[in-house]
Amino acid sequence: MKAKQLTILLMWLTTAFGASAATTDEQTLINEWKDSVRTVFADAYRNKVLVNDSLTMKLHWSIYGPKPADGYALYISLHGGGGAPAELNDQQWENQKRLYRPQGAVYLSPRAITNTWDLHFRPEDDTFYRQIIMMMQAYCDVNPNKVYIMGYSAGGDGVWRLGPRMADHWAAASMMAGHPGDVSLLNLRNTPFMIWCGQLDDAYDRVYRCQDRIVEMDSLHAADPEGYIHEGHIVEGKGHWMDRVDTVAVTWMAKYQRNPYPKRVVWHQADVVTPYFYWLTAPVNELSREKEVRAQIDGNTITITRCDYSQLTLSLCQEMVDLKKPVTVMYQGRKLFKGKVKTQPGTLRRTLYQRNDPAYMFPAQITVKIK
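Residue positions within a chain follow its written sequence, with the count starting from 1. Restriction of local features to residues with pLDDT of at least 70 applies here, the model being predicted, together with a cutoff of 80 or more for giving and counting side-chain atom pairs; totals for whole chains, interfaces and linings are based on all residues. Just so you know, side-chain values use all the structure's heavy atoms and leave hydrogens and water out.

### Notes on the overall build of the protein chain
Stated precisely, the cut-off is as follows: Starting at the N terminus, helices and strands are each numbered in turn, a helix being any DSSP run of H or I of at least four residues and a strand any DSSP run of E of at least two. For the radius of gyration, the atom set is restricted to C-alpha positions; the globular benchmark scales as 2.2 Å times the number of residues to the power 0.38. Each residue's exposure class comes from its accessible area (1.4 Å probe, protein chains only) as a fraction of the maximum for that residue type: buried when under 20%, exposed when over 50%, partly exposed otherwise. Contact criterion: two residues are considered in contact whenever any of their non-hydrogen atoms come within 4.5 Å of each other. Accessible areas in this description were obtained via Shrake-Rupley with a 1.4 Å probe; residue shielding takes into account the shown protein chains only. Residues counted as positive are Lys and Arg, residues counted as negative are Asp and Glu, and His and the chain ends are not counted. A charged residue contributes its charge at one atom only: NZ of Lys, CZ of Arg, CG of Asp or CD of Glu.
Counting secondary structure elements, the protein chain contains nine helices and 17 strands. The C-alpha atoms of the protein chain give 21 Å as radius of gyration, which agrees with the globular expectation for 371 residues (21 Å, within 12%). Taking all 371 residues of the protein chain together, the buried fraction comes to 56%. For the protein chain, contacts bridging at least 24 residues in sequence account for 67% of all contacts bridging at least 6. Accessible area of the protein chain: about 15600 Å², with a carbon and sulfur share of 51%. Positive and negative charge centroids in the protein chain, built from 43 and 39 side chains respectively, lie 7 Å apart.

### With respect to the packing of helix H2 (residues 26-40) against helix H9 (residues 345-355)
For clarity, the threshold we go by: Inter-axis angles, ranging from 0 to 180 degrees, are taken between N-to-C directions of lines fitted to C-alpha atoms, where helices are fitted over the stretch in contact. Here a crossing is called left-handed whenever its near helix is offset anticlockwise from the far helix by less than a right angle, and right-handed whenever the offset is clockwise. In this classification, Asp, Glu, Lys and Arg are treated as charged, Ala, Val, Leu, Ile, Met, Phe, Trp, Tyr, Cys and Pro as nonpolar, and every other residue, Gly included, as polar.
For the pair H2 and H9, interaxial distance at closest approach is 11 Å and the crossing angle is 35°. Handedness of the H2/H9 crossing: right-handed. Counted together, Glu26, Leu29, Ile30, Glu32, Trp33 and Ser36 of H2 and Leu348, Arg349, Leu352 and Tyr353 of H9 form the full contact between these two elements. Classifying every residue of the contact of H2 with H9 by side-chain character gives six nonpolar, one polar and three charged.

### Observations regarding the environment of Lys146
Structurally, the position occupied by Lys146 is in strand E5 (residues 142-152). On the accessibility criterion, Lys146 (9% relative accessible area) is buried. Spatially, the C-alpha atoms of Lys146 and Thr305 are 30 Å apart, while their sequence positions differ by 159 residues. For Lys146, the contacting residues outside a window of four places in its chain are Pro68, Asp70, Gly71, Tyr72, Ala73, Leu74, Ala171 and Gln257.

By themselves these figures say nothing about function.
Given below as structure tokens:
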């Protein structure tokens with residue numbers, strides 16, 4: 001199935017399921033959405049293969065332990081390898097399938113869609129990972145606020161990139177023995193992040209670049225003590241293989257759940273741009289790498305301190321602000337909006353199917369002009 005065809009189909013299912021939008025409650029909407037996801041991904045789930053355009057991603061998953069009351073966790077675990085023959089990457093995938101055993105969780109290892117050096121974080125990959133999360137919610141009762149990403153070696157390379165650029169999807173992330181390249185870590189403000197590297201793992205200066213990024217995360221956290229939760233481990237005496245000491249990352253990540261409505265958001269566009277991040281939406285025709293938005297909520301006041309777009313849409317729910325009272329939006333000392341925000345069932349439905357994530361189903365939105 002082509003990615004564009006999938007989007008059109010899900011939009012059609014918005015109206016095909018549950019036509020009485022004005023009276024449909026949130027749980028009914030979620031149930032209808034899960035039905036639509038099961039309809040779209042029936043073959044993918046049965047065959048454990050996702051296909052988008054000409055690219056194929058094979059999947060392997062195991063379920064460990066009884067289901068928690070709030071649903072299973074999902075651990076997406078990326079294998080090593082990289083720019084190598086398919087046989088080597090296949091072997092690394094086989095190894096990754098059995099590397100960790102998180103309890104009360106679906107442990108899912110995807111086979112990378114290419115055999116290139118960037119095999120886990122090509123621009124096309126993000127669609128696959130979103131589809132995995134959707135499918136596991138619909139079929140396996142995964143809690144969307146308990147989705148974690150982790151990876152070893154080339155898989156760690158992937159986590160360095162995917163952790164920040166899809167930060168609003170993850171409850172936490174753990175990078176093992178990967179190289180960060182030039183990735184920005186700003187988006188990790190609300191995503192706990194773990195860094196693991198062997199002391200002797202100096203190929204491509206890997207350990208030195210990991211040390212630099214630990215220092216960077218330390219600095220970000222010092223400047224914003226409520227954000228940038230992290231741990232960094234340079235494992236003494238170990239090379240590229242750390243003899244599984246990194247397995248404690250599983251229990252460390254499990255301490256955290258995603259907050260889809262953080263009071264402060266730092267949104268820095270990465271190499272793969274997106275119009276959405278947490279409760280913020282930017283104009284599609286203005287998206288480009290390095291553009292940034294910073295916003296925070298204090299009571300019923302939303303303050304935008306930086307915005308590189310001409311306008312911004314703020315999606316709101318009762319967990320964020322008191323929708324029964326007026327909401328104020330400020331930008332660099334200017335009042336952009338003040339008033340009560342109308343809630344509409346149609347907005348719930350539209351945002352659910354736009355984001356394909358029940359946590360980002362919002363009853364109200366404000367669009368403000370910045371420039």
